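# Close look at the chain arrangement
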Amino acid sequence: MTDSDVDLSSEQYEKHREAGEILAQVREETAARVEVGTTHLEVAEYAEDRIRELGGKPAFPVNISVDEEAAHATPSIDDETTFGEEMINLDIGVHVDGWLADTAITVDLSGNPELAEASEQALEAALEVVEPGVETGEIGAEIEDVIDGYGYNPVVNLTGHGLGHWEQHTSPNIPNRAVSQGATLEVGDVVAIEPFATDGGGKVSEGATEEIFALDREGTVRNRQARDALSQINEEFRTLPFATRWLDTDRAEMALRRLKRNDIVHGYPVLQEDDGFLVSQKEHTIIVTEDGCEVTTAR
């Protein structure tokens, strides 16, 4: 398909835009609710309910990553964890009929504003170089350059990504550092660019906790709770990630363990830097246009 064949006013792009508009509003409202003493669950449920009120659906559970955590942390069913003087990343997604937007912001209650600023400025620099024909490695080089300039490291094993229909992560990957082999952006690409900055070594690893899951394949199970859960997953979430706390079945944790054992769903362990370090994140979703990009998640 040539650039001129892409109709950026078509229904799918309008739905991406609608998702982005809802998300921009929810991101700002949710960030304002993050304060010492408020529970993670309160903030996550506020954002997810607000998305539905505004006419969208959550594309994945609200990620609330604290201090060394970078991604995939979300509250459990009866979570009573409260915010302290910490660095908090909110990563929120919306879909309208399966067309997605994805955004993230750091709320710094830890007294490290420069680390939050590093990922924010890295994103600004990345957006400035986006245009058809640019290689994703060049975008990564901009991100790395800005974060290095602040004296921090980009998280190199996390990347931005394309957004498909009912698919939260598709190609192309958008690296957070310079790479020589990358994809070339084209008009009509919908991508999420998400720099992560850290005062640690710049690599995250899997923690022990899993509260987010996604469907891997069709399958059957004999257990009633697992069957009920699978039916809801197929109907409501399809291939998008979901939280244990979203399942209506009783004994949801046990149902998920059975589905996981049968390779029907997989979990997303929390991704984290080494203890004692901090991670900040800033993310926007864009549509690549003929003369640059349109940021769907900007206010």
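None of the values given here were measured: they were computed from a predicted structure. (Residues numbered from 1 in each chain as written. Predicted model: local features only at pLDDT ≥ 70, side-chain atom pairs only at ≥ 80, totals over all residues. Heavy atoms only, no water.)

### Remarks on the overall build of the protein
Within the protein, the regular secondary structure consists of six helices and 15 strands. For a compact globule of 299 residues, the expected C-alpha radius of gyration is about 19 Å, and the protein comes in at 19 Å, within 12% of that figure. Each principal axis of the C-alpha atoms in the protein carries an extent, and together these give about 55 × 50 × 35 Å. Burial status across the protein gives 56% buried among its 299 residues. Within the protein, contacts between residues separated by at least 24 positions form 76% of all contacts whose residues are at least 6 apart in sequence. Total accessible area on the protein stands at roughly 13,100 Å², and carbon and sulfur atoms take up 39% of it. (Helix = DSSP H or I, 4+ residues; strand = E, 2+ residues; numbered from the N terminus. Rg over C-alpha atoms; globule rule 2.2 N^0.38 Å. Buried < 20%, exposed > 50% of the residue type's maximum accessible area, 1.4 Å probe, protein only. Contact = heavy atoms within 4.5 Å. Areas by Shrake-Rupley, 256 points an atom, 1.4 Å probe, with all protein chains shown as cover.)

### A look at the environment of Thr39
Assignment of secondary structure puts Thr39 in the loop between helix H1 (11-31) and helix H2 (40-53). Measuring from C-alpha to C-alpha, the distance between Thr39 and Glu80 comes to 6.0 Å, with 41 residues separating the pair along the chain.

### A word on the UniProt feature "binding site: a divalent metal cation 2" (unreviewed entry) in the protein
When the UniProt feature table is mapped onto this chain, "binding site: a divalent metal cation 2" (unreviewed entry) is found at Asp102, His161, Glu194 and Glu283. A maximum C-alpha distance of 10.8 Å among these annotated residues, which run over 182 residues, shows that they cluster at one spot. When the annotated set is filtered for residues lining the largest pocket, what remains is Asp102, His161 and Glu194. Structurally, the position occupied by Asp102 is in strand S4 (residues 99-108). In this structure the side chain of Asp102 is engaged in a polar contact, spanning 3.3 Å, whose partner is the side chain of His161. Within the secondary structure, Glu194 sits in the loop between strand S8 (190-193) and strand S9 (196-198). Leaving out residues up to four positions away in the same chain, Glu194 has contacts with Asp91, Thr159, Gly160, His161, Asn176, Gln281, Lys282 and Glu283. In terms of polar contacts, Glu194 uses its side chain to reach the side chain of His161, at 3.2 Å. (UniProt positions renumbered as here; feature names shortened; annotations may be inferred. 1 Å grid on protein atoms, 1.4 Å probe; cavity = no way out; pocket = protein on both sides within 12 Å on 5 of 7 lines; lining within 4 Å. Polar contact = N/O pair within 3.5 Å; in protein donor to acceptor, adjacent residues only side chain to side chain.)

### Quick notes on the packing of H1 against H2
Contact geometry for H1 and H2: axes closest at 10 Å, N-to-C directions at 155°. Judged on the interaxial angle alone, H2 and H1 are roughly antiparallel. The two elements H1 and H2 cross, and the hand of that crossing is right-handed. Here H1 contributes Ile22, Gln25, Val26, Glu29 and Thr30 to the contact with H2, which in turn contributes Val43, Tyr46, Ala47, Arg50 and Ile51. (Axes fitted to C-alpha atoms, helices over the stretch in contact; angles between N-to-C directions. Parallel < 35°, antiparallel > 145°, perpendicular 65-115°, else oblique. Left-handed = near helix turned anticlockwise from the far one by under 90°.)

### With respect to the nonpolar core
Residues Val130, Ile139, Ile143, Leu185, Ile193 and Ile286 are the most contacted members of the largest nonpolar core, which totals 23 residues. The residues contacting Leu185, other than those within four sequence positions of it, are Val130, Glu131, Pro132, Gly133, Val134, Thr136, Ile139, Pro172, Ile174 and Val288. Core analysis: the second largest hydrophobic core is formed by 22 residues, Ala31, Ile64, Leu90 and Ile105 among them. (Core = buried A, V, L, I, M, F, W, Y, C linked by side-chain atoms within 4.5 Å.)

### A word on helix H4 (residues 136-149)
Counted at 1.5 Å a residue, the expected span for H4 with its 14 residues is 20 Å, and the 20 Å between its end C-alpha atoms agrees. By the burial criterion, the buried members of H4 are Thr136, Gly137, Ile139, Gly140, Ile143, Val146 and Ile147. Along its buried surface, H4 packs onto helix H3 (113-129), strand S5 (153-154), strand S7 (167-174), S8 and S9. Just past H4, the residue Gly151 takes up positive phi, approximately 85°. (Expected span 1.5 Å × (residues − 1).)

### A few points about the sheet that holds strand S6 (residues 160-164)
Two orientations exist for strands paired in a sheet by backbone hydrogen bonds: parallel and antiparallel. If you trace the five strands from one edge of the open sheet to the other, you get S7-S6-S8-S14-S15, paired in antiparallel fashion. Two strands in the sheet have a free side with no partner beyond their single neighbour: S7 and strand S15 (292-295). Each strand axis lies, on average, 40° off the axis of its neighbour in the sheet, ignoring direction. Alignment of S6 against S8, held across two bridges, turns out to be antiparallel. Residue His161 lies in a different strand from S8, and its bridge partner there is Ala192. (Pairing = 2+ DSSP bridges.)

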